[in-house]
Amino acid sequence: MSKTAVVTGGAGFLGSHLCDKLIAEGLNVICIDNLLTGNINNISHLFGNENFQFIKHDITNFIHVPGKVDYILHFASPASPIDYLKLPIQTLKVGSLGTHKVLGLAKEKNARILLASTSEVYGDPEIHPQREEYWGNVNPIGPRGVYDEAKRFAEAITMAYHRFHGVETRIVRIFNTYGPRMRLADGRALPAFVSQALNGEDVTVFGDGSQTRSFCYVSDLIEGIYKLLLSDETEPVNIGNPSEITILQFAEEVIKQTGSKSKIIHKELPEDDPKVRQPDISKAKNILGWEPKVDRAEGLRITIDYFKAESRSQNSEVSI
Ligand code: UDP
């Protein structure tokens, strides 16, 4: 009998790619999303597939799923800085109350649960690159605190359910990820730079652009998460691409790859914006035999093509 997986936040950028992966691996998938930041278009291609079911629900309330559940992948949360600044209470609630409900479901169903955590648990890191043993440098009362602390609480309660109730748990710490189905207007560096470059607008680099990030293409991330789900590792594992770049260089790369004439302008650096970020992925390499395969040039090419097609279809909708 095939296994059943519940994906919370399954209509989001990462959640929808996970639904695709799990269906392709032969699982039945129950996608739960309240569509606050998720988008039904990300999963519409799965409607009609007999192994796929969608439940519109806010997981901060009691979750009822009939029948057996083998895996739960908990991906529900606003995840881009603009979203969690606009939705601070919902972000705190889904990370705390939502994670509690999802763990309760895992305990009830005797299911294995994988929590989507984040490199934000490291805050503005004082060690570089970031290893899983590092406890982080987070400002609890700053604007990013609503996301960072919600995810830190989510990790804590996940470990408590593991230790106290014996629930099978996995924790992935996700670093910056990009690819098709990212929202054009989610305010993150990559969609902002690509849409600005494609529209010939100024490309907005925050601060002097010397802060670094390490961008992972979505298919690599999903593969790593799937391997972690099937592994025995209960402590957090970093999944990301260690190829690090300054945000200024990244903006220049996007302008070059899009063939745009846009200029770079500088805007104020947001509060508590991490100065560096790079995953140490030794643990994922050793335990999961995983490492990313798609380099930035290739990943960017695919993502730019996707954004071009998206903005064409948005423009044609407007003109109808
Ligand atoms: N950033 C930028 N211009 C933008 C959006 C973001 O320079 O229009 C910067 C942001 O300040 C951060 C980096 O790009 O230093 C990555 O930001 P993103 O929002 O993608 O995610 P974060 O890694 O901060 O969670």
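Use the structure listed above.
Only a predicted model underlies this, so the values are computations on that prediction, with no experimental measurement involved.

Chemist: How should I be thinking about the packing of helix H3 (residues 88-109) against helix H4 (residues 145-165) in this particular structure?
Modeler: When two helices pack together, their arrangement is given by the angle between their axes and by how far apart the axes lie. Packing of H3 against H4 brings their axes to within 8 Å, and their N-to-C directions diverge by 15°. Between H3 and H4, the crossing angle belongs to the class labelled roughly parallel. Here H3 and H4 pass one another in a crossing that is right-handed. Every residue of H4 that contacts H3 at Pro88, Thr91, Leu92, Gly95, Ser96, Thr99, His100, Leu103, Gly104 and Lys107 is listed here: Val146, Tyr147, Ala150, Phe153, Ala154, Ile157, Thr158, Tyr161 and His165. For the contact of H3 with H4, the class distribution of residues is 10 nonpolar, eight polar and one charged.

Chemist: In this structure, what is going on with the layout of surface pockets? I would like to understand it.
Modeler: The method is simple in principle: a probe with the dimensions of a water molecule rolls over the atoms, and the space it marks as empty is what remains. Considered as a void within the structure, the second largest pocket measures approximately 350 Å³ in volume. Every residue lining the second largest pocket is counted, 17 residues in all, and those nearest its centre are Glu132, Trp135, Glu155, Arg173 and Pro236. Sorting the residues of the lining of the second largest pocket by element identifies H4 and strand S6 (169-174) as the ones contributing at least two each. Top contributing element to the lining of the second largest pocket by residue count: H4, with five residues. Its residues assigned to classes, the lining of the second largest pocket shows eight nonpolar, one polar and eight charged.

Chemist: Got a minute to help me understand helix H5 (residues 189-198) in this structure?
Modeler: Each α-helix winds once per 3.6 residues, and so residues spaced three or four apart point in a common direction. Of all the 10 residues making up H5, eight are buried; the element is thus mostly covered by neighbouring parts of the structure. Restricting attention to buried positions, one finds in H5 the residues Leu190, Pro191, Ala192, Phe193, Val194, Ser195, Gln196 and Ala197. Trailing H5 by a residue or two, glycine 200 shows a phi angle of about 70°, which is positive.

Chemist: Would you explain the pattern of salt bridges in this entry?
Modeler: Pairing between side chains of opposite charge can happen when the charged atoms of each approach one another. The final tally for this structure, using the stated rule, is 20 salt bridges. In this structure, arginine 152 and glutamate 149 form a salt bridge, with 3.6 Å as the shortest nitrogen-oxygen distance. In this pair, arginine 152 and glutamate 149 both sit in helix H4, three residues apart, roughly one turn of the helix. We classify arginine 152 as partly exposed; its relative accessible area is 30%. Judged by its relative accessible area of 24%, glutamate 149 is partly exposed. Arginine 213 is paired through a salt bridge with aspartate 273; the nearest N and O atoms lie 3.0 Å apart. With a gap of 60 residues between them, arginine 213 in strand S9 (residues 212-214) and aspartate 273 in the loop between strand S13 (264-267) and helix H8 (282-288) connect regions that are remote in the sequence. On the accessibility criterion, aspartate 273 (12% relative accessible area) is buried. Connected via shared salt-bridge partners are Glu120, Arg144, Arg213, Asp273 and Arg277.

What counts and how
Residues numbered from 1 in each chain as written. Predicted model: local features only at pLDDT ≥ 70, side-chain atom pairs only at ≥ 80, totals over all residues. Heavy atoms only, no water. Axes fitted to C-alpha atoms, helices over the stretch in contact; angles between N-to-C directions. Helix = DSSP H or I, 4+ residues; strand = E, 2+ residues; numbered from the N terminus. Parallel < 35°, antiparallel > 145°, perpendicular 65-115°, else oblique. Left-handed = near helix turned anticlockwise from the far one by under 90°. Contact = heavy atoms within 4.5 Å. Nonpolar A, V, L, I, M, F, W, Y, C, P; charged D, E, K, R; others polar. 1 Å grid on protein atoms, 1.4 Å probe; cavity = no way out; pocket = protein on both sides within 12 Å on 5 of 7 lines; lining within 4 Å. Points joined across faces, edges and corners; volume = space filled by probe spheres on them. Buried < 20%, exposed > 50% of the residue type's maximum accessible area, 1.4 Å probe, protein only. Salt bridge = Lys/Arg side-chain N within 4 Å of Asp/Glu carboxyl O.

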